[in-house]
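A look at the structure
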Amino acid sequence: KPSEKTPAVGAMLIDYFRKAGIPDGVVNIVQGGPDTGKALSGHAGLDGLLFTGSAQTGIALNRQFASRPDKILALEMGGNNPIIVWDTHDLHSAAVLVVQSAFLSAGQRCTAARRLIIKQDLYDLFIPELKRLVDRLVIDEPHAEVPPFMGPVISNDHALAHLKAQEKLIQSGGKALLPMTWLNDKSGLLSPGLIDMTRVSNPADEEIFAPLVQIYRYHDFDEALFLANQTRY
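These figures come from a predicted structure and were not determined experimentally. (Residues numbered from 1 in each chain as written. Predicted model: local features only at pLDDT ≥ 70, side-chain atom pairs only at ≥ 80, totals over all residues. Heavy atoms only, no water.)

Examining the overall build of the protein chain
- In terms of regular secondary structure, the protein chain is built from seven helices and nine strands.
- For the protein chain, the spread of C-alpha atoms along the three principal axes comes to 55 × 45 × 35 Å.
- Within the protein chain, the fraction of its 233 residues that count as buried is 36%.
- Surface exposure of the protein chain reaches about 13,700 Å², of which carbon and sulfur atoms provide 55%. (Helix = DSSP H or I, 4+ residues; strand = E, 2+ residues; numbered from the N terminus. Buried < 20%, exposed > 50% of the residue type's maximum accessible area, 1.4 Å probe, protein only. Areas by Shrake-Rupley, 256 points an atom, 1.4 Å probe, with all protein chains shown as cover.)

Below is the structure:
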């Protein structure tokens, strides 16, 4: 069951399964919203369930399956994931890894880097390299003439919510090194954003499912590693 917000993606995947020779009935698709998901997860004939989505729904499924060890449950939920840049002379390769981790799929991956933790001594050298790569990224609809690096977020409403989340970071004391902007208010296309949150005390531990990276500068690696692990996800 694909997300009710992306039914066509699920349908396309099943179509490719068919074209690859997977027989009818081996892989099936059921479209629908939360009620459909609940019906599927509660079906008596279910041997296992793999869920990708919100932490809230995943926790509910975990509780539902807690008394059924005979049924396989795999959950891939949200994350406020850190990526640490420390003691490297190859700033270009490090910047490429950060861009790939943070901005592929417009940041709409559970595994995407949300927090960049960097050694203070590298900051002034690394950030310009990171910006240079971000400025080269092609951002467009999936079938554009020039193949894009990343496309839109899932909807215009989500784009607006992500921009509001960025504004909250700035209001809390974050410094916009490269503000995430709405490239087209009818497309959900957002440019990648970089917000320095070093001076913000007690930043919110929230997943912003968008091409937005929060940056933290540190002198001490143990302190940086401690911060990396400070997340409820």
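Concerning the pairing of strand S2 (residues 72-76)
- As defined by bridge partners, strand S1 (residues 48-52) adjoins S2 across five bridges and the pair is classed as parallel. Note that in S2 the partner of leucine 50 across the bridge is alanine 74.
- For the segment spanning S1, helix H3 (residues 55-65) and S2, crossover handedness is right-handed. (Pairing = 2+ DSSP bridges. Right-handed = clockwise from strand over helix to strand, strands pointing away.)

Details of helix H1 (residues 7-19)
- The first and last C-alpha atoms of H1 sit 19 Å apart over 13 residues, in line with the 18 Å expected at 1.5 Å per residue.
- After H1 finishes, the residue glycine 21 shows a positive phi value of roughly 100°. (Expected span 1.5 Å × (residues − 1).)

Examining the sheet that holds strand S4 (residues 113-119)
- As summarised here, the arrangement of the five strands in space is S3-S4-S9-S8-S5, forming an open sheet in which the pairing is mixed. Each having just a single partner strand, strand S3 (81-85) and strand S5 (175-178) make up the two edges of the open sheet. Strand-to-strand, the axes of this sheet are offset by a mean angle of 30°, without reference to chain direction.
- The pairing of S4 with strand S9 (residues 212-218) spans five bridges and is parallel. Bridge assignment links leucine 116 to a residue of S9, and that residue is isoleucine 215. (Axes fitted to C-alpha atoms, helices over the stretch in contact; angles between N-to-C directions.)

By themselves, these are just geometric observations and shouldn't be taken as functional.
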